[in-house]
Amino acid sequence: MKVNKITLLFLLIISSQAFSQINEEKENGLFYKISLASTLTINKEYTLDQDDDTGPLINPSALFINNTIGYQFDKRSLLGLNFEYDWHSQQGLHFAPAYLSFQYNVIADDDNMFIRGGYGTLLGLGKSFEKGNMYKFGLGLQTFDDNFRNSFLIGLDFTRKRFGYKTLEGLSSVSIFLEFMLF
């Protein structure tokens, strides 16, 4: 009889430990996000004739690599500090934006639909980098892995950069982004 009580107690402890290890959905805390984005332009010299060597119909014209460290307040709102490298190949311009961003999940479900915006400065890291300021607006879709911790984000961003002498020059672009978020 004593052995049965000890066995029963042991099974209760083991089962409580097993159920306590179920991962709950994390709704707030620190996150890290890495992003790759590109703007696309239409090749004006493209023809349907395959004999011409005019290249593809759509060409990438800029590349953006972004790292974000941030905090998610709840299921809907996130605030991030972003450090980015932008290369606009057609114009031959390099930018190093540092900016704050805010994301709001309009639809917070198994997959999130979101809008986001950001504002910051273009760091002059050397002679080849332009100084100025920038802002960004975007929308996209966030899909999660099985345990709702890590996710992929895909969408469109509109970016406006002001730079040059007294920030008189400007560059606007619409980019397609793909991001991976660790939570």
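Here the structure is shown first, and the text comes after it.
S.K.: How should I be thinking about the side chain of His88 in this particular structure?
M.R.: Positionally, His88 belongs in strand S3 (residues 77–88). Here the side chain of His88 touches Lys161 through a polar contact of 3.3 Å, side chain to side chain. Residues contacting His88, with those up to four places away along its chain left out, are Ser61, Ala62, Phe64, Leu93, Phe95, Lys161, Leu171 and Ser173.

S.K.: Sorry, what's going on with the packing of aromatic side chains here?
M.R.: Here the distance between the centres and the angle between the planes together describe a pair of aromatic rings. Counted according to the given criterion, the structure contains eight aromatic pairs. Taking the centre distance of 6.4 Å and the plane angle of 40° together, the rings of Phe114 and Phe177 count as tilted. One end of the pair, Phe114, is in strand S6 (residues 111–122); the other, Phe177, is in strand S9 (residues 169–182), with 63 residues separating them in the sequence. Comparing Phe114 with Phe177 shows no difference in burial state: the two are buried. Between Phe144 and Phe148 the ring centres are 5.6 Å apart and the planes differ by 40°, which places this aromatic pair in the tilted class.

S.K.: Quick question: what am I supposed to make of unusual backbone geometry here?
M.R.: The phi torsion of most residues other than glycine is negative, and most of the peptide bonds are trans. We note that Phe148 has phi near 55°; this positive angle belongs to a residue other than glycine. Looking at the element boundaries, Phe148 is found in the loop between strand S7 (132–144) and strand S8 (151–163).

S.K.: I'm lost on the pattern of salt bridges in this one. Help?
M.R.: Side-chain pairing between opposite charges can occur once the charged atoms of the two side chains come close. Applying the stated rule across the entire model yields five salt bridges. Among the salt bridges present, the one from Arg116 reaches Asp157, with a minimum N-O distance of 2.8 Å. Placement of Arg116 in strand S6 and of Asp157 in strand S8 is noted, with a sequence separation of 41 residues between them. Looking at Arg116, the relative accessible area reads 13%, which means it is buried. With relative accessibility at 4%, the residue Asp157 sits in the buried group. Notably, a salt bridge pairs Glu179 with Arg116, separated by 3.0 Å at the nearest N-O pair. Of this pair, Glu179 sits in strand S9 while Arg116 sits in strand S6, and the two are 63 residues apart along the sequence. The structure contains a network of salt bridges with shared partners spanning Lys33, Arg116, Asp157 and Glu179.

S.K.: What's the story with the side chain of Ser175 in this structure? I'm lost.
M.R.: Relative to the helices and strands, Ser175 resides in strand S9. Residue Ser175 is classed as buried on the basis of its relative accessible area, which comes to 3%. Contact partners of Ser175, with chain neighbours within four places excluded, come to Ala37, Ser38, Thr39, Phe64, Gly155, Leu156 and Asp157.

S.K.: Explain the pairing of strand S2 (residues 58–72) to me, please; I cannot follow it from the model alone.
M.R.: Each regular strand carries side chains that alternate between the two faces of the sheet. Inspection of the sheet shows strand S1 (residues 29–42) paired to S2 by 14 bridges, in the antiparallel sense. Bridge pairing links Thr41 to Asn59 in S2. Here S2 runs beside S3; their pairing, made up of 11 bridges, is antiparallel. Of the residues in S3, the one forming a bridge with Asn67 is Phe83.

S.K.: Sorry, what's going on with the pairing of S6 here?
M.R.: With 10 bridges connecting them, strand S5 (residues 97–107) and S6 associate as antiparallel partners. For Ile107, the partnering residue across the bridge sits in S6 and is Met113. In sequence, S5 turns back onto S6 through a hairpin of three residues. Here S6 pairs with S7 via 12 bridges, running antiparallel. Counted as the bridge partner of Asn112 is Gln142 from S7.

What counts, and where the lines are drawn
- Residues numbered from 1 in each chain as written.
- Predicted model: local features only at pLDDT ≥ 70, side-chain atom pairs only at ≥ 80, totals over all residues.
- Heavy atoms only, no water.
- Helix = DSSP H or I, 4+ residues; strand = E, 2+ residues; numbered from the N terminus.
- Polar contact = N/O pair within 3.5 Å; in protein donor to acceptor, adjacent residues only side chain to side chain.
- Contact = heavy atoms within 4.5 Å.
- Phe/Tyr/Trp six-rings, centres within 6.5 Å; stacked < 30°, edge-to-face > 60°.
- Buried < 20%, exposed > 50% of the residue type's maximum accessible area, 1.4 Å probe, protein only.
- Salt bridge = Lys/Arg side-chain N within 4 Å of Asp/Glu carboxyl O.
- Pairing = 2+ DSSP bridges.

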